[in-house]
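Structural characterization, general
Residues per chain, in single letters:
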Amino acid sequence: MHIEDEHIKDKHNAEMHIAGTHIQETDTLLFIGDSITDAGRDRTDSASLGSGYVHEIARTLHDRASGGPGPAVINKGLNGNRVYDLEARWTTDVIDLRPTVVTVKIGINDTWRRYDRGIMSPVDEFEACLDRLLADTARKLSARLVVITPFLLPVTAEQEDWFEDLTPRTDAVLRAATANGAQLVRADLALRRAAEQHQAAELARDGVHPSPVGHRIIADAWLAAFDSAAAVPDPRP
């Protein structure tokens, strides 16, 4: 085979979708959100992915990459973040990094702070903020948008009351994602199904922060969303 033919083959391989997903090895995947995304990452190390669902996704994509390194993965989760905290850092932590796939997981702290500190996050303001972030990203980047729904697996009677706030907030997440053409990952439904087979505390000890099993369920839900998309022919040239 001629050198030119080898070059064409290498370029073709680099552009091929990773087996089972609608992701290319040349993609840059950025995940942003709260502590569930953060998952203990080392903030002094830009390559650190933490020990949660982002790490699980990156590991799976690497394993599927047929000898290549797989796509670049960036974790920009921060403990305690609400949607307004994301907005304050969106330009530096998302837009400036030029990712090709942006995944957002936010909402549970907007609910939680109402019940533990009396800090309100009105659902209409929350929705408007999330919509601005998604629309801004769609306008400035040629990136695929992914939104993971917030979730709660109550382990105390008091947490059952949180659904008064969380249910309409989840609906707001769904509306904002749909309005901006984002891929939806229903972590709330995936974990609820898993809770039929496991105790809630096995999936999230405090009802909010996933165990390793819970993180794997979220990772699998994210991958399944792309697996289903991969069954549809890619319209891009």
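Here is a short report on the structure shown in this document.

Rules of the game
- Residues numbered from 1 in each chain as written.
- Predicted model: local features only at pLDDT ≥ 70, side-chain atom pairs only at ≥ 80, totals over all residues.
- Heavy atoms only, no water.
- Phe/Tyr/Trp six-rings, centres within 6.5 Å; stacked < 30°, edge-to-face > 60°.
- Helix = DSSP H or I, 4+ residues; strand = E, 2+ residues; numbered from the N terminus.
- Buried < 20%, exposed > 50% of the residue type's maximum accessible area, 1.4 Å probe, protein only.
- Expected span 1.5 Å × (residues − 1).
- Arc of directions from axis to C-beta.
- Contact = heavy atoms within 4.5 Å.
- Pairing = 2+ DSSP bridges.
- Axes fitted to C-alpha atoms, helices over the stretch in contact; angles between N-to-C directions.
- Core = buried A, V, L, I, M, F, W, Y, C linked by side-chain atoms within 4.5 Å.

1. A word on the packing of aromatic side chains
Per the stated rule, a full pass over the model turns up 5 aromatic pairs. Seen from their ring centres, Phe31 and Trp222 are 5.6 Å apart, and the 45° between their planes marks the pair as tilted. Of this pair, Phe31 sits in strand β1 (residues 28-33) while Trp222 sits in helix α11 (residues 212-230), and the two are 191 residues apart along the sequence. An identical accessibility class is assigned to Phe31 and Trp222; each is buried. Centroid distance Tyr115 to Trp162: 5.8 Å. Interplanar angle 10°. Geometry classified as stacked. Highlighted residues: Tyr115 in helix α5 (residues 108-116) and Trp162 in the loop between α7 (157-160) and α8 (163-179), separated in sequence by 47 residues.

2. A word on unusual backbone geometry
Positive phi, normally seen in glycine, also occurs at Ala39, with a value near 50°. Looking at Ala39, the relative accessible area reads 14%, which means it is buried. One non-glycine residue, Arg98, lies in the positive phi region at around 55°. Following the sequence through the fold, Arg98 ends up in the loop between α4 (83-93) and β3 (101-105).

3. Observations regarding helix α6 (residues 123-140)
For α6, which comprises 18 residues, the first-to-last C-alpha distance of 26 Å matches the rise-based estimate of 26 Å (1.5 Å per residue) to within 8%. All of the buried residues along α6 are Phe126, Cys129, Leu130, Leu133, Leu134, Asp136 and Thr137. Buried residues of α6, seen end-on, are gathered within an arc of 160° and therefore sit on one face of the element. Set apart from the buried face of α6 by more than 90 degrees, the exposed residues are Asp124 and Arg139. Next to the buried residues of α6 lie α4, β3, α5, β4 (144-148) and α8.

4. Brief notes about α8
Helix length check: α8 (17 residues) gives 24 Å between terminal C-alpha atoms against 24 Å at 1.5 Å per residue, within 8%. Positive backbone phi, approximately 70°, marks Gly181, located one or two places after α8.

5. A look at the environment of Glu87
As for its placement among the helices and strands, Glu87 is situated in helix α4. Judged by relative accessible area, which is 31%, Glu87 ranks as partly exposed. The spatial distance from the C-alpha of Glu87 to the C-alpha of Arg132 is 8.5 Å, given a sequence separation of 45 residues. Among residues more than four places away in sequence, those in contact with Glu87 are Cys129, Arg132 and Leu133.

6. Here's the deal with the sheet that holds β4
If you trace the 5 strands from one edge of the open sheet to the other, you get β2-β1-β3-β4-β5, paired in parallel fashion. Edge positions in the open sheet fall to β2 (72-77) and β5 (183-185), since each of these has one partner strand only. Taking the axes of each pair of neighbouring strands and ignoring which way they run, one obtains an average angle of 20° across the sheet. Lying on the sheet, helix α3 (residues 53-63) is in contact with β1, β2, β3 and β4; it crosses β1 at an angle near 165°.

7. Points about the nonpolar core
Counting residues in each nonpolar core, the largest one holds 38 residues, and the members touching the most others are Leu29, Phe31, Tyr53, Ile57, Ile218 and Trp222. Looking at this core, the elements that each hand over two or more residues are β1, α3, α5, β4, α9 (187-194), α10 (200-203) and α11. Broken down by element, the residue count for this core peaks at 8 residues, all from α11. Apart from residues no more than four positions distant in its own chain, Leu29 is found in contact with Ile23, Leu61, Pro71, Ala72, Val73, Ile74, Val101 and Trp222. Ranked by size, the runner-up nonpolar core spans 25 residues in total, among them Val104, Ile106, Leu133 and Ala176.

On their own, these measurements won't tell you what the molecule is for.
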